[in-house]
Amino acid sequence: MKINDKNFPLFPLIFIFMLIYLFSAVQISEKKLDIKPEWTIKIDENAVMPAPLTGKPIPFRLNNVMGYCTEDGMLVSLIPIEKNAAISADFWALYDNNAENTFFFTSGNEQSGVIDRAGFPFFTQNGIFVFHPGGASFSRHNDKGLTQWLYEYYAPLTAFSVSHAGCAAGYADGNLVCIDSEGKILSRFYPRGSELEVIFGAALSQNGKYAACISGLNPQRIVAAELENGKAKIIHHEELTEELTEQTLVRFSEDNKYVFFNGKSGLTSLLLNEKKSFFIPFKGRILDIRDFGDKDIFFVLSKNGRTYTVTVLYDGRYNKGSFSFKADSAFLYTDKGSIYVGADDRISKMTLYFD
C-alpha cells in the first residue's frame, strides 16, 4: 500500500507523519501496524540544551551541522561542520584533508583520544576504523585511538562495511576480504565470473557466517557466500540486468535472515535460508536500510534528485507504504521500535505499535 503519491513540503515535517498515522493500518502477520508521531524539533543554536546524556544518544548529520539528540526530543549537541567530519552514537571528530593526529570526542563532548595513524576516521556502533592515505589499507582502533590491528593491500579499496562480527572490504581487483573484530581473516576470495573484476558493495553478516557483494562488470552479479574454516562457499549468485559503476549498499539484517543489494533500479533481497531472491523497484539511490526488530520489518531511505523517500518493507520483499519529502539532506535512524527522520533543519520521531 502506497501511503501517498505526492511529494509534500517539509513544513512542518510532523504533518507528513500525521498522514502516515492516518493511513498506515497495515496488516502484518495478522497484526495491525500503527505509526504514531511523537515529536519534531527544529535544529538551531537556540534549541541546544547541553545536559548529561542519560540514555542512548541519537546521532545526526544534516547539511553543515551534526550532533546528538535524546529519545525524548532534546537537542543536546550541535557541531558546525567546517571541514571533514565523522559521527556515530559513541564518537565524533572533525578532521582535515591530511587527517593527521585527529582528536575525537565522545557523544558527551569529552575528548576520548587521538588517532595514532594518518587517515580518515570512520565511526560505527561496532568500532573505530581509519582509511589510510593511498586508499588501499585500513586499521581498527580502540577508544583511545590506538591501533588494534592493520590490514594492508595493494589495490584500491572500493567497498567497505562493518557488522557485529567484523568488517568486509572489497577491492578494485575483485578481492573480497572479511576480518573479525580481533583482526583475524575470516575469508579472502575472488567471486570472479565477470570481464572486469571489481567489488562495488560488500558486507559481512552480523554472526560472521556469511559474506555478500555486488561484483564485476559485464556481467555484474550479486554473490552470497557461506564462510567456514577460512574458506568461502558461494551459495547464491545471479546476474543483474542493469549495471552500476559506483560504490553501493550491501547489508545483512540484524537477525542474519536477509541480505540486501542496492542495484541500479532497485533493491534485491535474498532470503538466505531458502536462497530465494526478490526484486523491489526503487527510484533513485538507496542511502540506508534500517531494521525495526524481530518483526521482519525494514525501513529504507532513498533519494531521487532532491526528493527523499522512506519506505516500509515487510518480509524483505513487500512494499507496505512510503512517504516522500524534498530536502537538501536527510537521515534515517531506528532504535527500540522507534524511527527518527531528519531533513535539513528538523528531526522527527515516530513510534511503531502492533495491535
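Remember, predicted model here, so these are calculated numbers, not experimental data. Here the residue numbering is sequential within each chain, running from 1 through the sequence in written order. Given that this is a predicted model, residues contribute local features only at a pLDDT of at least 70 and side-chain atom pairs are listed and counted only at 80 or more, while totals for whole chains, interfaces and linings are drawn from all residues. Excluded from the side-chain calculations are hydrogens and water; all other atoms, namely the structure's heavy atoms, are used.

Trainee: Before we move on, can you summarise the sheet that holds strand β8 (residues 103–106) with the specific residues and values?
Mentor: With respect to topology, four strands assemble into an open sheet ordered β6-β7-β8-β9, the strand pairing being antiparallel. The open sheet terminates on both sides in strands that have one partner only, identified here as β6 (84–87) and β9 (111–114). Going across the sheet, the axis of each strand differs from the next one's by a mean of 20 degrees, ignoring polarity. Strand pairing is assigned whenever DSSP detects at least two bridges linking the two strands. In this text, helices come from DSSP runs of H or I with a minimum length of four residues, and strands from runs of E with a minimum of two, each type numbered from the N-terminal end. Inspection of the sheet shows strand β7 (residues 91–95) paired to β8 by two bridges, in the antiparallel sense. Each residue of the ladder has a partner; that of Trp-92, found in β8, is Phe-105. To get an axis, a line is fitted to the C-alpha atoms, and for a helix only the part in contact is used. The angle between two axes follows their N-to-C directions and goes from 0 to 180 degrees.

Trainee: Which residues make up the packing of aromatic side chains, and what values go with them?
Mentor: Only the six-membered ring of Trp is used, alongside the rings of Phe and Tyr, when aromatic pairs are assigned; centres must lie within 6.5 Å, and planes under 30 degrees apart are stacked while those over 60 apart are edge-to-face, with the rest tilted. For the structure on display, the rule yields 25 aromatic pairs. Measuring from centroid to centroid gives 5.1 Å for Phe-138 and Phe-160, while their planes differ by 70 degrees, and the two rings are edge-to-face. Taken together, the positions of Phe-138 in strand β12 (residues 138–141) and Phe-160 in strand β14 (residues 157–163) put the pair 22 residues apart, joining distant regions of the chain. For Phe-138, a relative accessible area of 0% translates into the label buried. Among the residues examined, Phe-160 registers a relative accessible area of 17% and is labelled buried. Summarising the aromatic geometry, the rings of Tyr-258 and Phe-298 are spaced 5.5 Å apart at their centres and angled 80 degrees between planes, so their arrangement reads as edge-to-face. A residue pair is termed long-range when its members are at least 10 positions apart, and Tyr-258 in strand β23 (residues 258–262) and Phe-298 in strand β27 (residues 297–304) qualify at 40 residues. Joined through ring pairs, the aromatic side chains of Phe-122, Phe-129, Phe-131, Phe-138, Trp-149, Tyr-151, Tyr-153, Tyr-154, Phe-160 and Tyr-171 make up one cluster. For each residue, the accessible area found with a 1.4 Å probe, counting protein chains only, is set against the maximum for its type, and the residue is called buried under 20%, exposed over 50%, and partly exposed in between.

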